[in-house]
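Listed below are the residues making up each chain.
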Amino acid sequence: MNKKIKPLIIDLVFLLVIFIFIYWRVTFIFFQQDEWLSFGLMSAQEQGLPINLGIDFHFVPLNLLFANLLFKLFGLNYIAYNLVGLTFHFINGILVYLIAFKLLHKQIVALISSILFITSPVASQLVMWPAVSIAILSLTFTLTACLILLKDSINKKIIWSFIIAILMILAFLTMEYSLGLLFFVPVTYLFLNRITNRKEKIVFLLPISIMSFIYFVTRVVVLSLTTNNTSIKLSENYFSNFIGKFFYIPFKYLTQLTIP
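Residues numbered from 1 in each chain as written. Predicted model: local features only at pLDDT ≥ 70, side-chain atom pairs only at ≥ 80, totals over all residues. Heavy atoms only, no water.

### A short note on the packing of helix H8 (residues 136-149) against helix H9 (residues 159-174)
Taken N-terminus to C-terminus, the directions of H8 and H9 make an angle of 160°; their axes are 8 Å apart at the nearest point. On the basis of the axis angle, H8 is roughly antiparallel to H9. For the element pair H8 and H9, the recorded crossing hand is left-handed. Here H8 contributes Leu-137, Ser-138, Phe-141, Thr-142, Thr-144, Ala-145, Ile-148 and Leu-149 to the contact with H9, which in turn contributes Trp-160, Ile-163, Ile-164, Leu-167, Leu-170, Ala-171 and Thr-174. Partitioned by chemical class, the residues of the contact of H8 with H9 number eleven nonpolar, four polar and no charged. (Axes fitted to C-alpha atoms, helices over the stretch in contact; angles between N-to-C directions. Helix = DSSP H or I, 4+ residues; strand = E, 2+ residues; numbered from the N terminus. Parallel < 35°, antiparallel > 145°, perpendicular 65-115°, else oblique. Left-handed = near helix turned anticlockwise from the far one by under 90°. Contact = heavy atoms within 4.5 Å. Nonpolar A, V, L, I, M, F, W, Y, C, P; charged D, E, K, R; others polar.)

Now the structure itself:
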């Protein structure tokens, strides 16, 4: 076995053991919340389709499609939803490990980073919130895009730019707060590739820009389909609230990392 692969497998097995030890009882935990009741009612009445925006203007068609698929497969069996949430949480923990190792080239630091992520009480609360934990998938898309962004040969194949762009769109369609990637990805790319010539930078960022533009055009078109008076009234403050959250929430999260 490759000398570099063996330690990686050992770390992943260790992470899996820790994960199972911490979360094995979470699988059977259920707490009642309003979202669970409305989630079942919405799915049963087939109102969770992508074109249905509701009154709060959340545009998360991929999230809704995935939720409807789970509902058709498992009904309201919360154990199944817990297992799905835990699975994505563990996958995200592995991605955090790979990103930390790629950045710092130290396995022990990568392992500690992943353990801190996996054992976070915030994450466990999200996983135990079945109607919301589906949105964990947006983080999976985001972390995968970040891992690809760190590839040494990223400028040599334009296909990586398209893959990152697609992952970004998938994250947007799962959770709207993922729009922060529109700032994070280009800035990170430009920082990591400071010595790259201007043409290569433009070529790499072009697919991301085009895909993002298509997303926003689609977003505006879908918004325009909303015709009821309540939705129209809410739409007046939608963009101002969205812009405010776009800048405020990342700032709040960053400060909480250093000042709990």
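What follows picks up the thread again.
### What to know about the packing of helix H3 (residues 61-74) against helix H4 (residues 78-104)
Interaxial distance between H3 and H4 falls to 10 Å at its minimum, and their mutual angle equals 135°. Considering the angle they form, H3 stands oblique to H4. Contacts from Phe-66, Ala-67, Leu-70, Phe-71 and Phe-74 of H3 reach H4 at Ala-80, Tyr-81, Val-84 and Phe-88. Here the contact of H3 with H4 is composed, by residue class, of nine nonpolar, no polar and no charged.

### Points about unusual backbone geometry
Of note, His-105 is a non-glycine position whose phi angle comes to about 60°, a positive value. The residue His-105 is located in the loop between H4 and helix H5 (107-118) in this model. Classification of His-105 by relative accessible area gives exposed; the value is 60%. (Buried < 20%, exposed > 50% of the residue type's maximum accessible area, 1.4 Å probe, protein only.)

### What about the environment of Gln-107?
Mapped onto the secondary structure, Gln-107 falls in helix H5. Sequence separation of Gln-107 and Asp-11 is 96 residues, and the distance between their C-alpha atoms is 8.3 Å. With near-sequence residues (within four places) excluded, Gln-107 lies in contact with Pro-7, Leu-8, Asp-11, Tyr-97 and Phe-101.

### Notes on the packing of aromatic side chains
All told, the structure shown has six aromatic pairs when counted by the stated rule. Relative to Phe-90, the ring of Phe-19 has its centre 5.1 Å away and its plane inclined at 55°; by these criteria the two rings are tilted. Linking Phe-19 in helix H1 (residues 5-23) with Phe-90 in helix H4, this pair joins segments that are 71 residues apart in sequence. For Phe-19, a relative accessible area of 7% gives the class buried. Overall, Phe-90 belongs to the buried group, its relative accessible area being 14%. Seen from their ring centres, Phe-172 and Tyr-215 are 5.2 Å apart, and the 55° between their planes marks the pair as tilted. Residue Phe-172 is found in helix H9, and its partner Tyr-215 is found in helix H11 (residues 198-224); the two are separated by 43 residues along the sequence. (Phe/Tyr/Trp six-rings, centres within 6.5 Å; stacked < 30°, edge-to-face > 60°.)

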